[in-house]
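Single-letter residue listing:
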Amino acid sequence: MQIIIFEKKKMLFDKEVSSLIEQEKKRQLDGVELIASENFTSSEVMSVTGSILTNKYAEGYPGKRYYGGCEVVDEIEKLAIERAKELFNVVYANVQPHSGSQANTAIFHSFLKPGDKILGFDLAHGGHLTHGSPVNFSGRLYQANFYGVQKESGVLDYDNILDIAKKVRPNMIIAGASAYSRDINYENFRLIANKVGAFLLADISHPSGLIVSGLHSNPVKHCDVISTTTHKTLRGPRGGLILMGQDFENPFGERYKNGKLKMMSSLIDMGVFPGNQGGPLEHVIAAKAVAFKECINTSFKKYSSQVIKNAKAMSNAFKSLGYDVVSGGTDNHLFLLDLRNKNVDGKSAELALVKAHITVNKNMVPFDDKSPFITSGIRIGTPAITTRGLLENEVLKIVELIDEVILNVNNDNIIKKVSNEVKSIMKDRPLFNEN
Ligand code: DSN
């Protein structure tokens with residue numbers, strides 16, 4: 001695909017912005033990117049995101065817009081919807097959410113009313129801001145309750161979640177996390193939701209790429225509604241997506257348009273627009289369509305499988321170096337290191353690693369005694385380095401380098417040496433490896 005992003009001449013006109021983009025490009029090329037929620041998209045995805053489609057206003061949905069001239073973007077949005085449905089094997093897809101948070105906001109709008117009760121994965125144990133955090137709309141507009149991992153094992157205990165659900169009687173349960181390294185049993189969540197009469201939302205923003213590759217449990221059969229971002233393991237443009245495996249009759253009757261909206265999918269569409277967003281980003285929707293096609297391609301499954309192999313190789317190597325890996329390992333693309341036995345906090349580790357061109361994020365570990373600004377741990381993820389083509393032998397070298405930095409967070413000479421080694425490992429590797 002040959003698409004011109006912008007005319008170079010014009011871009012150079014804005015020296016400040018183009019120079020900052022060049023600096024960021026160098027940072028991305030030189031470094032080892034281990035932030036679990038980041039990835040590198042293909043040049044096609046980036047080109048389409050930067051295309052002239054950004055010029056079009058298209059509030060509404062294909063065939064029902066509030067603006068003229070939407071014939072072409074209608075076709076684009078329909079294509080993105082059809083590809084999302086094929087990729088996830090679902091009957092309904094809304095490709096308009098600008099982000100995962102917007103997707104969740106729209107779902108909450110559709111399934112809940114302010115003051116309703118939700119039950120989500122505790123952010124401090126690996127959940128997400130939009131699953132009920134008191135500083136987020138989800139914790140301010142709804143009565144938020146939480147389940148977490150077991151102290152000894154670091155994994156979810158579904159009997160315990162059922163006990164909490166029976167006490168709370170939530171209107172909606174959210175299954176999904178941003179720092180949980182184990183597979184999620186959506187069937188168990190369905191049984192729990194059925195027992196307490198709750199809707200079940202699966203937020204698969206993190207593992208969605210692994211799910212479409214058949215390498216992680218699939219929520220489609222078990223959940224009422226699914227949200228995901230499109231830029232993590234799915235490797236598309238920055239954005240959100242809402243899916244339903246089955247549509248069902250709107251159980252709220254009068255909620256919108258005097259009960260004229262018969263199906264839940266229509267309520268979700270209303271929840272996105274006009275409930276939560278204005279004009280859709282058709283350039284990003286087109287890039288989502290491109291990414292979905294890339295994911296349908298068989299080479300994507302090979303990529304996803306390598307993401308997991310790399311994460312397992314790294315977590316095993318950290319364990320053999322005496323690190324405490326939360327839950328003892330990983331089934332997916334990430335894991336958490338609890339650094340308390342190394343006498344380093346997450347913030348100091350993150351800062352020292354960034355100086356060595358290794359990017360991770362500090363992260364609370366379950367039952368953390370430090371604040372979210374300091375933390376006892378770091379989160380490590382493999383989607384981005386796998387896109388750059390790193391295999392097990394190379395990620396093992398990176399584990400050694402991380403260990404060297406963590407044991408010497410105040411030693412600038414060692415950090416400098418590691419930084420040079422990182423640059424030489426990443427040298428001549430494009431951001432997106434076509435193989
Ligand atoms: N989902 C968060 C992360 O995992 O980094 C961002 O919202």
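Here, the structure is the one placed above.
Residues numbered from 1 in each chain as written. Predicted model: local features only at pLDDT ≥ 70, side-chain atom pairs only at ≥ 80, totals over all residues. Heavy atoms only, no water.

1. Some thoughts on the overall build of the chain
Across its full length, the chain holds 16 helices and 15 strands. In terms of principal-axis extent, the alpha carbons of the chain reach across some 70 × 60 × 35 Å. Here the chain holds 435 residues, and 56% of them are scored as buried. Taking contacts inside the chain between residues at least 6 apart in sequence as the whole, the part at least 24 apart equals 71%. As displayed, the chain offers around 19200 Å² of accessible surface, 53% of which is attributable to carbon and sulfur atoms. Across the chain, 52 positive and 48 negative side-chain charges occur, with their mean positions spaced 1 Å apart. (Helix = DSSP H or I, 4+ residues; strand = E, 2+ residues; numbered from the N terminus. Buried < 20%, exposed > 50% of the residue type's maximum accessible area, 1.4 Å probe, protein only. Contact = heavy atoms within 4.5 Å. Areas by Shrake-Rupley, 256 points an atom, 1.4 Å probe, with all protein chains shown as cover. Lys, Arg positive; Asp, Glu negative; His and termini not counted. Charge placed at Lys NZ, Arg CZ, Asp CG, Glu CD.)

2. What to know about the site of the ligand
Taken together, the residues surrounding the ligand are Ser37, His128, Ser178, His206, Lys232 and Arg379. A distance of 2.7 Å separates an oxygen atom of the ligand from a polar atom in the side chain of Ser37. The separation between an oxygen atom of the ligand and a polar side-chain atom of Arg379 is 2.8 Å. Protein coverage of the free-state accessible area of the ligand, which is 230 Å², stands at 63%. (Near = heavy atom within 4 Å. Polar contact = N/O pair within 3.5 Å; in protein donor to acceptor, adjacent residues only side chain to side chain.)

3. What to know about unusual backbone geometry
Note the cis peptide between Phe273 and Pro274, where omega equals 10°. Although it is not a glycine, Arg169 sits at a positive phi angle of roughly 50°. Positionally, Arg169 belongs in the loop between helix H7 (158-168) and strand S7 (172-175). We note that Asn343 has phi near 55°; this positive angle belongs to a residue other than glycine. Summarising the element assignment, Asn343 is placed in the loop between strand S12 (334-338) and helix H13 (346-355).

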